[in-house]
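Chain by chain, the residues:
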Amino acid sequence: MNNYLEFEKPLAEIEGKAEELRTLARSNEEMDVEAEAAALDAKADKLLKDLYSNLTAWRKCQVARHPNRPHCLDYIEQLFTDFTPLAGDRNFADDLAVVGGLARIGDQAVVVIGQEKGSDTKSRVKRNFGMARPEGYRKAIRLMDLADRFNLPVVTLVDTTGAFPGKGAEERGQSEAIARCTEKCLKLGVPLITVVIGEGGSGGAVALAAGNKLVMLEHSVYSVISPEGCASILWKDAARMREAAEALRVTAQDLKTLGVADEIVPEPIGGAHRDPHTTIAAVGKSIEKHLAALSKKKPETLIKERRQKFLELGAKGLAA
């Protein structure tokens, strides 16, 4: 069953009517409703294209947060083979919001690290809704150290509203862990490719995204703060999140123009959740393409280019 977003309510009505007709036909073999149902399907397809042809920044935020959108573990299952998960930060605990380990993509051995939000109530609670604690970032540092030692490229899959802001996380050094993780990304002597598969929120996302290439899905978002948080701070009114989303330039298209994102991977009409298999396959092709190009470069070149990429951020304006 589809989970419809607020702006998709007209679509839900049409698709619901088509399904009702087919349900009636299944209970009464003499009824022939296929022509009417097909007409409704055609109307729904047209409406879906119209809705997604020019999404606002806020609507893209909603799509990026869609509960049925493929998550980190879905990408690992489809794209990577021989995945061997590695647990714990060797200091405090294993943070289940961060998934990582050794794997292969094609013939290339890699270290893959990602943020997992969970797909149902039980798994979301288990994964802390994808919000990592300090031990999650320290686990990521440990895995990146391993990758550097054995000359393995790193692939990170970003999907988080931000780092967990709880009291315990702050007591264990949340900001320090994020800073150290960002530093480790910048100093890696191996290729680091980041894919924003949903929501890239705040320092919790940046900690895994300071790489050589940043790839974003068409309806993913990436920002220093959520639109609701921004509106609460600037205008003391979270209801102005739509205005904040536009001002923040959170969309993949704006970030490509600004030089933050290097590539945008198209999504099926209606978002990645409408056809997860096709979306994940397209991301896999992008990762393999960038790995092939970056693997030819020496460690000092990778570090220099990565550093230069971040020093140049802000040099491009939206009018460029």
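Moving on: the nonpolar core. Soluble globular proteins tend to bury their nonpolar side chains together. Ile113 and Val154 are the most contacted members of the largest nonpolar core, which totals 35 residues. Mapped onto this core, the elements with two or more residues apiece are strand 3 (108–115), helix 6 (134–149), strand 4 (154–160), helix 8 (174–187), strand 5 (192–201), strand 6 (213–217) and helix 12 (252–257). When residues of this core are assigned to their parent elements, the largest contribution, six residues, is made by helix 6. With sequence-adjacent residues up to four places away left out, Val154 is seen in contact with Val111, Ile113, Met144, Ala147, Leu188, Val190, Pro191, Leu192 and Ile193. Counting 24 residues, the second-largest nonpolar core is a separate cluster that includes Tyr75, Leu79, Val112 and Ile193.

Turning to empty space enclosed by the protein, a few remarks are in order. Where empty space is left becomes clear once a probe the size of a water molecule has been rolled over the atoms. Counted according to the given criterion, the structure contains one cavity of 30 Å³ or more. For the largest cavity, the calculated volume is near 70 Å³. Lining the largest cavity we find Cys61, Arg65, Glu199, Gly200, Gly201, Val221, Tyr222, Ser223, Ile225, Ser226, Pro227 and Val250. Taken together, the elements giving at least two residues each to the lining of the largest cavity come down to strand 5 and strand 7 (221–223). Across the lining of the largest cavity, the residue classes break down as six nonpolar, four polar and two charged.

A word on the side chain of Thr279. Its location among the elements puts Thr279 in helix 13 (residues 276–294). On the basis of relative accessible area, Thr279 is assigned to the buried category, the value being 1%. Discounting residues that sit within four places of it in the chain, Thr279 has contacts with Tyr75, Leu217, Pro268 and Ala272.

Right, let's get into the packing of aromatic side chains. Evaluated as defined, the whole model comprises one aromatic pair. Ring centres 5.8 Å apart and planes at 55° place the aromatic pair Phe7 and Tyr52 in the tilted group. On the criterion of sequence distance, the pair formed by Phe7 in the segment before helix 1 (9–27) and Tyr52 in helix 2 (residues 34–53) is long-range, its members being 45 residues apart. Each member of the pair, Phe7 as well as Tyr52, carries the same accessibility label: buried. Looking at Arg133, its charged tip hangs above the ring of Phe164, at a distance of 4.8 Å from the centre. In this arrangement the basic side chain of Lys309 is found over the ring face of Phe310, its NZ or CZ atom lying 6.0 Å from the centre.

Summed over all chains, the structure comprises 23 salt bridges. Between Lys117 and Asp159 there is a salt bridge; the shortest N-O distance is 3.4 Å. Remark: Asp159 occurs in strand 4 and Lys117 occurs in the loop between strand 3 and helix 5 (121–126); sequence separation between them is 42 residues. Comparing Lys117 with Asp159 shows no difference in burial state: the two are buried. Each of Arg65, Lys117, Asp159, Glu199 and Glu228 takes part in salt bridges that share partners, so that together they form one network.

What follows concerns helix 11 (residues 241–248). Turning to helix 11, its buried residues number three or more, namely Met241, Ala244 and Ala245. All buried residues of helix 11 lie within an arc of 105° about the axis, which places them on one face of the element. A positive backbone phi angle near 60° is found at Arg249, which sits one or two residues after helix 11.

Each pair of packed helices can be summarised by the angle the axes make with each other and by the distance between the axes. In contact at an axis separation of 8 Å, helix 10 (residues 227–235) and helix 11 are set at 100° when each is read in the N-to-C sense. Accordingly, the angle class assigned to the pair helix 10 and helix 11 is roughly perpendicular. Across the interface between the two elements, Pro227, Glu228, Cys230, Ala231 and Trp235 of helix 10 pack against Met241, Glu243, Ala244, Ala245 and Leu248 of helix 11.

So, on to the layout of surface pockets. Quantified by volume, the largest pocket comes out at close to 350 Å³. Considered class by class, the residues forming the lining of the largest pocket number twelve nonpolar, three polar and two charged. The volume enclosed by the second largest pocket comes to roughly 290 Å³. Along its surface, the second largest pocket is lined by 15 residues, and Gly259, Asp262, Gln308, Lys309 and Glu312 are the ones closest to its centre. For the lining of the second largest pocket, the element with the highest residue contribution is helix 14 (residues 299–311), accounting for four residues. In terms of residue class, the lining of the second largest pocket is made up of four nonpolar, three polar and eight charged.

Taken over all residues, the pLDDT of the protein has a mean of 93, while the share at 70 or more is 98%. At the low end of the mean pLDDT range in the protein sits helix 1, at 87; at the high end sits strand 6, at 98.

The rules behind the values
Residues numbered from 1 in each chain as written. Predicted model: local features only at pLDDT ≥ 70, side-chain atom pairs only at ≥ 80, totals over all residues. Heavy atoms only, no water. Core = buried A, V, L, I, M, F, W, Y, C linked by side-chain atoms within 4.5 Å. Buried < 20%, exposed > 50% of the residue type's maximum accessible area, 1.4 Å probe, protein only. Helix = DSSP H or I, 4+ residues; strand = E, 2+ residues; numbered from the N terminus. Contact = heavy atoms within 4.5 Å. 1 Å grid on protein atoms, 1.4 Å probe; cavity = no way out; pocket = protein on both sides within 12 Å on 5 of 7 lines; lining within 4 Å. Points joined across faces, edges and corners; volume = space filled by probe spheres on them. Nonpolar A, V, L, I, M, F, W, Y, C, P; charged D, E, K, R; others polar. Phe/Tyr/Trp six-rings, centres within 6.5 Å; stacked < 30°, edge-to-face > 60°. Lys NZ or Arg CZ within 6 Å of the ring centre and 35° of its normal. Salt bridge = Lys/Arg side-chain N within 4 Å of Asp/Glu carboxyl O. Arc of directions from axis to C-beta. Axes fitted to C-alpha atoms, helices over the stretch in contact; angles between N-to-C directions. Parallel < 35°, antiparallel > 145°, perpendicular 65-115°, else oblique. pLDDT = per-residue confidence, 0-100.

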